[in-house]
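Below are the chains, spelled out letter by letter.
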Amino acid sequence: MRNMKHTALSFLAIAGTAVVISGCGTGTNNAASSGSGSQSNTTSNSTKSSSAKSQKLVIYSAQGYDKAMGKAFEKATGIKTVVKDASTGPTVADVEAQKNNPHWDVVWFDGPSTMQSLDNQGLLLKNWTPNDFSNYTALGKKNVPSDHAYFPGGITAAVALAYDTKNLPASKAPKTYSDLLKPEFKNAFGMNNPSVSGPAYPFVAGMMQMMGQTKGKQFFTQAKKNGMQIFRTNGVTLKALTSGKIKVAAIQDSALISAKQKGAPIKIVYPTQGTFTLPDVMGIAKNAPDMAAAKKFVEFVLSKQGQKAMINPKNGGGDSYYNPIIKGIKPDSARQQGGINWFSVNPVKAAKNENQLKKWFNDNITH
């Protein structure tokens, strides 16, 4: 599932930049860019033209529903689709190693700050707008960068608070981040390591953006003094919560929803100050081997047909418990839709500060 796949995101992404692998993409199938794309035409037989048989889409992805989406796209368009599914760190490392001679057409994972880093390196197609762009809700459009280098498919919370109802009554549950600094949560609160877990960095970057760096660092410093525990990934932190090692966990909400659906006795709290957005994001290679197919796929994801496949937990597991940002799409009934005060983390600023903030957190909080 998504959360497990994001382990070692930051570390591996950084490591990936140091890997020297000469990209040798085929570059022999560069279809002409079809700025018009297909939008809802992906649902019609008209898109299954004879030319589709000569197209081949390669997707590098860390999403739980990626293989199901590849099959759905191939069925809708007739375009042969190959999905390389891996965790985000190795995916990003592959993309960076291939540089401007890619073997891939579309890359897809959680975390706009990491995708922004690929944009900053000039590896993504810019200034293209999908035909179905108007399908986005206001929240969806808010998470599209101004250069249109990548597009969100749905949104989860980088962090929600969860408590085990067996160990903590609702009356004592935290409602805000600052509640975690109270004496009753001494040695009883845990979160993931932002240098290892992908969703944890947007939490740290979001706190710095919302509070300012000085107060944001003070929060984590005070949390450490109050005994905050740092775990590697969502799964480890969840186990600490359900085993009673900690009373409150702060991790990606889709992982919490999935755990609840599997029977874990936990309740989820969305902090009133703001819940940090964590979109899944798709980017197209600047020199995509099959540019036309890549554009069709992005439009397929933003279509109602694509979203219905993506939001089905049978196809995506925990990753399917996201908040839709396409008009007319309803979330899985297990997911809270209203009452969340979304706070959009600035991916440009988060990407710029990523190495510095992770180093600070590692030096001052983790160790």
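Residues numbered from 1 in each chain as written. Predicted model: local features only at pLDDT ≥ 70, side-chain atom pairs only at ≥ 80, totals over all residues. Heavy atoms only, no water.

> Quick one: what's the story with the sheet that holds strand β8 (residues 248-251), residue by residue and with numbers?
Ordered in space as β7-β6-β8-β5-β9, the five strands form an open sheet in which the pairing is mixed. For this open sheet the edge positions go to β7 (229-231) and β9 (266-269), each flanked by a neighbour on one side alone. Here the strands of the sheet are splayed against their neighbours by 25° on average, with no regard to which way each runs. (Pairing = 2+ DSSP bridges. Helix = DSSP H or I, 4+ residues; strand = E, 2+ residues; numbered from the N terminus. Axes fitted to C-alpha atoms, helices over the stretch in contact; angles between N-to-C directions.)

> Break down the pattern of salt bridges for me, with residues and values.
Between side chains of opposite charge, a pair can form when the charged atoms approach closely. A complete count under the given rule lists six salt bridges for this structure. Ionic pairing is found between R335 and D253, a salt bridge with its closest N-O pair at 2.7 Å. With R335 in the loop between α13 (313-316) and β11 (342-343) and D253 in helix α10 (residues 253-261), this residue pair connects regions lying 82 residues apart in the sequence. The exposure classification of R335 matches that of D253, with both residues buried. Ionic pairing is found between D363 and K359, a salt bridge with its closest N-O pair at 2.7 Å. Separated by four residues within a single helix, D363 and K359 lie in helix α14 (residues 347-366), roughly one turn from each other. A residue is classified by how much of its surface remains accessible, and K359, at 54% relative accessible area, is exposed. (Salt bridge = Lys/Arg side-chain N within 4 Å of Asp/Glu carboxyl O. Buried < 20%, exposed > 50% of the residue type's maximum accessible area, 1.4 Å probe, protein only.)

> Just give me the short version of the environment of F220, but keep the residues and values in it.
Secondary-structure assignment places F220 in helix α8 (residues 213-225). Considering only alpha carbons, one finds F220 and V204, 16 residues apart in sequence, at a separation of 8.7 Å. Apart from residues no more than four positions distant in its own chain, F220 is found in contact with M191, F203, V204, M207, M208, M228, W360, F361 and I365. (Contact = heavy atoms within 4.5 Å.)

> Outline the nonpolar core, listing residues and values.
Ranked by internal contacts, the top residues of the largest apolar core, which has 70 residues, are L57, M69, V107, L118, M282, I284 and F297. A total of seven residues in this core trace back to one element, the largest contributor, which is helix α11 (residues 291-301). Beyond its immediate chain neighbours, meaning those up to four positions away, F297 contacts L57, I59, M69, F73, V106, W108 and M282. Ranked by size, the runner-up nonpolar core spans 32 residues in total, among them Y177, F185, M207 and V269. (Core = buried A, V, L, I, M, F, W, Y, C linked by side-chain atoms within 4.5 Å.)

> Give me the lowdown on the packing of helix α3 (residues 66-77) against α11, citing residues and values where you can.
Helix packing for two helices is described by the angle between their axes and how far apart those axes are. With their axes 11 Å apart at the nearest point, α3 and α11 run at an angle of 110° to one another. Our classification of the angle between α3 and α11 gives roughly perpendicular. The residues of α11 that touch α3, namely those facing M69, A72, F73 and A76, are A293, K296, F297, F300 and V301. Its residues placed into classes, the contact of α3 with α11 shows eight nonpolar, no polar and one charged. (Parallel < 35°, antiparallel > 145°, perpendicular 65-115°, else oblique. Nonpolar A, V, L, I, M, F, W, Y, C, P; charged D, E, K, R; others polar.)

> Got a sec to walk through the packing of aromatic side chains? Specific residues and values, please.
Summed over the entire model, instances satisfying the criterion amount to 16 aromatic pairs. Each ring, one from F73 and one from F297, has its centre 5.3 Å from the other, and the planes form 85°; the classification is edge-to-face. In this pair, F73 is assigned in helix α3 and F297 in helix α11, connecting sequence segments 224 residues apart. F73 sits in the buried class, given a relative accessible area of 0%. Judged by relative accessible area, which is 0%, F297 ranks as buried. Here a set of aromatic residues connected by ring pairs shows up, and it is made of Y177, F203, F219, F220, F276, F343, W360 and F361. Here the guanidinium or amino end of K84 rests over the ring plane of Y60, the centre of that ring lying 5.0 Å away. (Phe/Tyr/Trp six-rings, centres within 6.5 Å; stacked < 30°, edge-to-face > 60°. Lys NZ or Arg CZ within 6 Å of the ring centre and 35° of its normal.)

> Give me the environment of Y321: which residues, what numbers.
Relative to the helices and strands, Y321 is located in the loop between α13 and β11. Along the primary structure Y321 and I155 are separated by 166 residues, whereas in three dimensions their C-alpha atoms are 9.1 Å apart. Those residues in contact with Y321, other than ones at most four positions away along the chain, are T156, S254, I257, S258, Q261, P313, D332, A334 and R335.

> Could you give an account of the confidence of the model for the protein chain, naming the residues involved and the relevant values?
For the protein chain, per-residue confidence averages 86 on the pLDDT scale, and residues scoring 70 or more make up 86% of the total. Across residues 1-47, confidence stays below pLDDT 50; counting only partners more than four residues off in sequence or on other chains, it has 116 contacts. (pLDDT = per-residue confidence, 0-100.)

> Tell me about the environment of F219, residues and numbers included.
By the secondary structure assignment, F219 is in helix α8. For F219, a relative accessible area of 4% corresponds to the buried category. Those residues in contact with F219 that lie beyond four places of it in its chain are Y177, S178, L180, L181, M207 and M211.

> Please provide a residue-by-residue account of the pairing of β8, values included.
Both faces of β8 are covered, namely the face carrying V248 and A250 and the face carrying A249 and I251. Of the pairings in the sheet, the one linking strand β5 (residues 160-164) to β8 comprises four bridges and is antiparallel in character. Each bridged residue has a counterpart across the sheet, and for A160 the counterpart in β8 is I251. Relative to β8, strand β6 (residues 189-192) runs parallel, the two sharing three bridges.

> I'd like a description of the packing of α8 against α14, backed by residues and values.
Orientation of α8 relative to α14, taken along the N-to-C sense of each, is 30°, at an axis distance of 11 Å. The angle between α8 and α14 falls in the class roughly parallel. Once α8 is placed against α14, the crossing between them reads as right-handed. Mapping the contact onto sequence places Q213, K217, F220, T221 and K224 in α8 and N353, Q356, L357, W360, F361, N364 and I365 in α14. Among the residues making up the contact of α8 with α14, the classes are represented as five nonpolar, five polar and two charged. (Left-handed = near helix turned anticlockwise from the far one by under 90°.)

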